[in-house]
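Below, each chain spelled out in residue letters.
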Amino acid sequence: MKYVLVTGGVVSGLGKGVTASSIGVLLKACGLRVTSIKIDPYLNTDAGTMSPFEHGEVYVLDDGGEVDLDLGNYERFLDITLTRDNNITTGKIYKSVLDKERRGDYLGKTVQVVPHITDAIQEWIERVAVIPVDGKEGSADVCVIELGGTIGDIESMPFIEALGQFSYRVDSGNFCLIHVSLVPVLNVVGEQKTKPTQHSVRGLRGLGLTPDILACRSTKALDENVKGKLSQFCHVPAGNIITLYDVPNIWHIPLLLRDQKAHEAILKRLNLHGKSEPDLEEWTARTELSAMLCNPVKIAMVGKYTGLSDAYLSVLKALLHAAVACHRKLVVEWVAAGDLEDTTAQESPDAHKSAWEILKSADGVLVPGGFGDRGVQGKILAAKYARENQVPYLGICLGMQIAVIEYARSVLGMEDANSTEFDAHTSSPCVIFMPEGSKTQMGGTMRLGSRKTYFNNKDCKAAKLYGNESSVDERHRHRYEVNPEMIEQFEKSGLSFVGKDETGCRMEVIEIRNHPYFVGVQFHPEFKSRPGKPSPLFLGLIAASSGQLDPVLQNCGHVSSKITSKKQEMSIGLPAAKHCPNGNAAKYSNGSANGVYSNGNGIH
């Protein structure tokens, strides 16, 4: 087994996760099988109880693991299926060591950070690295490990020590260290400054790890004299210094690495001779296509974490995958759910007016998952607007539940209709706490992971988008569900529950008849979306929002497309989409990040 370790220095938020994912893409394109591990030095056992404001979204795996959002990057970029053990936390490591101590496994020895904690870290890495994650038998060829945090953090020290020991344990020819660091440009002098990276590498070397490759984040490519200076002071060959400069879309990062021969440096360090040049033709074509599209499709994202786009990272990626498949430039219009409510109209009329203007100008509406009652009334109003005005709508988890509540209030006349999450004493409990849930233990007690949903109506839009399959596997994360005792009333009035679990009692998918596209799902389809294989329900939303749904449904949820290079014809058998000259799409919006254009309310 070969190991590639990615560390970060100077500041957090440099994009270590995207860099690690891109390295995996590059090695996979060279014909290698790749797996990934993310190390998070925090004491939490997992990310399940952490606020999205604190840590971004909680990403859910097939096995129900609630993990760091970087594992979502790994799965999307590499098209693999990871396990909860691919995310190592300080909490997991200490718990495993303390459990052994309580069992007497250490035979009376004093349990210490070195060697017991550091040994546990190394053993965990070796155990997880051989688990196949690509659907094939046997272990991968290379394991890409990302160490979260920044070099110098106190909480990272046991992991740094363990990884230093690990580099000797597996032999230097099986271990490559890539250090991601910042090379800032001071506006006063306009010069790329190397001192922060020098200090970061010096600190790393002082802790027993020597970088083989430097990946330098900067606004533009490094000057040759800057590379020479870094090489001299950091003891890294100039050819092994890579610039990761700002790009309009993170899909460009593997191409930056390839163009700067990063794969050659990695393969040489790992003694992997004779490997082919990376085949990134399809990846390149998709990246070029994304940069060329101009016809916008505007999606109103109605949520409560609109100040932090990472809180909805997988949703944004799923929207982007679907938009590119439909040859549309995605424009996300952020709407703070609370701003749609009547109380805001009195307290902040300008915010209220702006929120409604954004909602009414959107081509489609998406209400993502969430917890707590803040902004719920605004989400209900958004669902009502989409239902009454024939605007395409996709509700995910809570977004489905509030659609059911709104329907009960507006159509069935149940003025008190609510979820027991928000009103425990409602006389019309449309959404109830799951019988098997726990109200005292928070972590890991929800309905989590991949579960089957069975379609009971093959003629519904959702089933067609999934290729007329009788059932699908999607990932869940919820404590509340639609009240099964009220289903008959809903269905008689036109709200169809077209997908249910294996018992037939748990509602998974809703649709409204005679609506262009009104779909709600209890699961989270965004977690399985991939750049080349967009989530069917997100594809349906984008297609409906851009007037393309009928051909997509006729083609069983597939876009008749062949992605080629920009020098070739790009015909998808759908209404023609305009391409921007010279790939310049920025003028169609006022802010972008990772290829997602927005109104600036959540992109940082």
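Throughout this document, residue positions are counted from 1 along each chain, in the order its sequence is written. In view of the model being predicted, local features appear only for residues whose pLDDT reaches at least 70, and side-chain atom pairs are presented and counted only at 80 or more, with totals across whole chains, interfaces and linings using the full set of residues. Hydrogens and waters are ignored; side-chain quantities use all the structure's heavy atoms.

1. Description of the overall build of the protein
Part 1: Think of it this way: any DSSP run of H or I at least four residues long counts as a helix, any run of E at least two long counts as a strand, and we number them from the N terminus. When helices and strands are tallied, the protein shows 20 helices and 25 strands.
Part 2: In terms of overall size, the protein behaves like a compact globule, its C-alpha atoms giving a radius of gyration of 25 Å where 604 residues would be expected to give roughly 25 Å.
Part 3: Along the longest, intermediate and shortest principal axes, the C-alpha atoms of the protein span 75 × 65 × 50 Å.
Part 4: Relative accessibility under 20% of the residue-type maximum defines a buried residue, over 50% an exposed one, and the middle range a partly exposed one, all with a 1.4 Å probe and only protein chains included. Out of the 604 residues belonging to the protein, those deemed buried represent 58%.
Part 5: Residues are treated as being in contact if the distance between any of their heavy atoms lies within 4.5 Å. Put simply, of all contacts in the protein between residues at least 6 apart along the chain, 72% involve residues at least 24 apart.
Part 6: To be clear on the numbers: accessible area is Shrake-Rupley with a 1.4 Å probe, and residue cover counts the displayed protein chains and nothing else. Put simply, the protein shows about 24200 Å² of open surface, and 48% of that area lies on carbon and sulfur atoms. Atoms considered for the radius of gyration are the C-alpha atoms alone. The globule rule reads 2.2 Å times the number of residues to the power 0.38.

2. Remarks on the domain arrangement of the protein
Part 1: What fixes the domain bounds is an automatic or database domain assignment. Taken domain by domain, the protein consists of domain 1 (2-180 + 248-287) and domain 2 (293-449 + 476-549).
Part 2: For domain 1 and domain 2, the distance between their C-alpha centroids amounts to 33 Å.
Part 3: Listed per partner, the contact involves 22 residues of domain 1 and 28 residues of domain 2.
Part 4: Of the roughly 2200 Å² buried at the junction of domain 1 and domain 2 (both faces included), carbon and sulfur atoms supply 60%.
Part 5: Whenever a carboxyl oxygen of Asp or Glu lies within 4 Å of a side-chain nitrogen of Lys or Arg, that contact is scored as a salt bridge. On inspection of domain 1 and its partner domain 2, the count reaches five salt bridges.
Part 6: Of the charged contacts, one joins R477 and E66 as a salt bridge, the two residues approaching to 2.7 Å between their closest N and O atoms.
Part 7: Residues are sorted three ways: Asp, Glu, Lys and Arg are charged, Ala, Val, Leu, Ile, Met, Phe, Trp, Tyr, Cys and Pro are nonpolar, and all the rest, Gly among them, are polar. A per-class count over the side of domain 1 that touches domain 2 returns ten nonpolar, five polar and seven charged. Accessible-area loss on putting two parts together, using a 1.4 Å probe and summing over both, is the definition of buried area adopted here.

3. Focus: empty space enclosed by the protein
Part 1: Cavity and pocket criteria rest on a 1 Å grid covering protein atoms alone: a 1.4 Å probe that fits but cannot get out defines a cavity, protein on both sides within 12 Å along at least 5 of 7 lines defines an open pocket, and an atom within 4 Å of a point defines a lining residue. Grid points are joined across faces, edges and corners, and a volume is the space filled by probe spheres set on the points. One pass over the structure, following the stated rule, counts four cavities of 30 Å³ or more.
Part 2: The volume enclosed by the largest cavity comes to roughly 60 Å³.
Part 3: Forming the walls of the largest cavity are G370, F371, C397, L398, Q401, E421, H478, R479 and Y480.
Part 4: Tallied by class, the residues present in the lining of the largest cavity amount to four nonpolar, three polar and two charged.
Part 5: Considering only enclosed or pocket space, the second largest cavity measures out at about 40 Å³ in volume.

4. Observations concerning unusual backbone geometry
Part 1: Look at the link from V114 to P115: it is a cis peptide, with omega at 15 degrees.
Part 2: The topology assignment puts P115 in helix α5 (residues 113-129).
Part 3: The phi dihedral of L107 falls on the positive side, at around 55 degrees, and the residue is not glycine.
Part 4: Tracing the backbone through its elements, the reader meets L107 in the loop between α4 (90-103) and α5.
Part 5: Located in the positive-phi region is N514, a residue other than glycine, with phi close to 60 degrees.
Part 6: Residue N514 is classed as exposed on the basis of its relative accessible area of 75%.

5. Focus: the UniProt feature "domain: CTP synthase N-terminal" (unreviewed entry) in the protein
Part 1: Mapped onto this structure's residue numbering, the UniProt feature "domain: CTP synthase N-terminal" (unreviewed entry) falls at residues 2-272.
Part 2: Across residues 2-272, helical content stands at 40% and strand content at 18%; the span's end C-alpha atoms are separated by 9 Å. UniProt positions are given in the numbering used here, feature names are shortened, and annotations may be inferred rather than shown by experiment.

6. Things to note about the pairing of strand β6 (residues 142-147)
Part 1: In terms of burial, β6 is a largely internal element, six of the six residues being buried.
Part 2: Residues of β6 alternate between two faces, with V142, V144 and E146 on one and C143, I145 and L147 on the opposite face, all of them buried.
Part 3: For two strands to be treated as a pair, DSSP must find at least two bridges joining them. By the bridge criterion, five bridges tie strand β1 (residues 2-8) to β6 in an arrangement that is parallel. Considered in β6, the bridge of V4 is made with V144.
Part 4: Across six bridges, the pairing between strand β2 (residues 34-40) and β6 is parallel. Bridge assignment links I39 to a residue of β6, and that residue is L147.

7. What to know about the sheet that holds strand β7 (residues 175-182)
Part 1: Taken in spatial order, the seven strands of this open sheet run β5-β2-β6-β1-β7-β10-β11, and their pairing is parallel. Both outer strands of the open sheet, β5 (87-89) and β11 (241-245), are each paired with one neighbouring strand and no more. Each adjacent strand pair in this sheet contributes to an overall mean axis angle of 20 degrees, direction not counted.
Part 2: Of the strands in this sheet, β1, β2, β6, β7 and β11 are in contact with helix α1 (residues 16-29), which crosses β6 at around 170 degrees.
Part 3: Fitted lines through C-alpha atoms serve as axes, helices being fitted only where they are in contact, and the angles separating the N-to-C directions of these axes extend from 0 to 180 degrees. Against the sheet, α5 makes contact with β1, β2, β5 and β6, and its axis sits at roughly 150 degrees relative to β2, the strand it touches most.

8. Some thoughts on the environment of K38
Part 1: With respect to the helices, strands and loops of the structure, K38 is situated in strand β2.
Part 2: By relative accessible area, K38 is classed as buried at 3%.
Part 3: Leaving out residues up to four positions away in the same chain, K38 has contacts with D68, D70, L71, Y74, N86, N87, I88, E146 and G148.

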